[in-house]
Amino acid sequence: KGHDDEVNAIRWDPQGQLLASCSDDHFMKIWTMQGLAHNIEAHDKEIYSVRWNPAGPGSRNPNAKSKLASASFDKTVKVWDPQTGTCLNHFKEHDGSVYAVNFSPDTSILASGAFDGFCYLFDLRSNKKIGSYKIESGGIYDVSWSSSGHKLAIGGSNAQIAVLDMRRLMAKL
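Before going into details, it helps to say that this report is about the structure given with it. Since this is a predicted model, take the numbers as computed values, not measurements.

### Quick notes on the sheet that holds strand S2 (residues 19-23)
Phase 1 of the analysis: As summarised here, the arrangement of the four strands in space is S1-S2-S3-S4, forming an open sheet in which the pairing is antiparallel. The sheet is open, and its two borders are formed by strand S1 (7-12) and strand S4 (35-41), each paired with just one other strand. On average, each strand axis in the sheet is inclined to that of its neighbour by 15°, with strand direction left out of account.
Phase 2 of the analysis: Sheet topology places S2 next to strand S3 (residues 27-32); four bridges connect them, and they run antiparallel. When the bridges of S3 are listed, Cys22 appears paired with Met28.

### Some remarks on unusual backbone geometry
Phase 1 of the analysis: If you check the backbone angles, Lys75 has positive phi at about 75° while not being a glycine.
Phase 2 of the analysis: Within the fold, Lys75 resides in the loop between strand S6 (68-72) and strand S7 (77-81).
Phase 3 of the analysis: Under the relative-accessibility criterion, Lys75 is labelled partly exposed at 40%.
Phase 4 of the analysis: Although it is not a glycine, Asn158 adopts a positive phi angle of roughly 60°.
Phase 5 of the analysis: Following the sequence through the fold, Asn158 ends up in the loop between strand S14 (151-156) and strand S15 (160-165).

### Brief notes about the pairing of S1
Remark: a regular strand shows side chains that alternate across the two faces of the sheet.
Phase 1 of the analysis: With five bridges joining them, S1 and S2 adopt antiparallel strand pairing. Bridge pairing in S2 places Ile10 opposite Ser21.
Phase 2 of the analysis: Between the antiparallel neighbours S1 and S2 lie six residues, among them Gly16 with a positive phi of about 75°.

What counts and how
Note on numbering: residues in each chain are counted from 1, in written sequence order. Note on the predicted model: pLDDT of at least 70 is required for a residue's local features to be given, and 80 or more for side-chain atom pairs to be given and counted; whole-chain, interface and lining totals, by contrast, use all residues. Water and hydrogen atoms play no part in the side-chain values, which are based on all heavy atoms of the structure. At least two DSSP bridges between two strands are needed for those strands to be called paired. Put simply, DSSP marks the helices as runs of H or I at least four residues long and the strands as runs of E at least two long, and each gets a number from the N terminus on. For helices, the axis comes from a line fit to the C-alpha atoms of the stretch in contact; other axes are also lines fit to C-alpha atoms, and the angle between any two N-to-C directions lies between 0 and 180 degrees. For every residue, the accessible area (1.4 Å probe, protein chains only) is compared with the maximum for its type, and the residue is labelled buried under 20%, exposed over 50%, or partly exposed between those bounds.

Here's what the structure looks like:
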């Protein structure tokens, strides 16, 4: 048995060795093929999304440390060390349930999207918000980086898709 409520997302790590799951029960779990490795009460409300950073052997960032991000209806985004289950970063910028989270291809920036209509960008080296984008109306349900990291796509309610030019945005910061 895995969770005590709906499982909202499951994601393999880049090496295909660990599986992360999150649920309405407020828990994030990290699994090996042998069973449960970590059972983390990660948030105060439902966890909607989990994402691995593109790090470790066989990835574009073979020397970077593996991390896992979680997004929750408690309006927070957290970054975890999957080996120990400890929280490395905790971001409380959103005013609505956070549906989406995703690491940039170089693992340095975390993008989040929420029901408040904002996409926030967090620098994981400085642990600070470095940018934001607001859609016209409604919420954001997904964020996706291009493989180069030069574009960030945002999908929202009201049939909206926005593509941000990250080179232009970062030049303004």
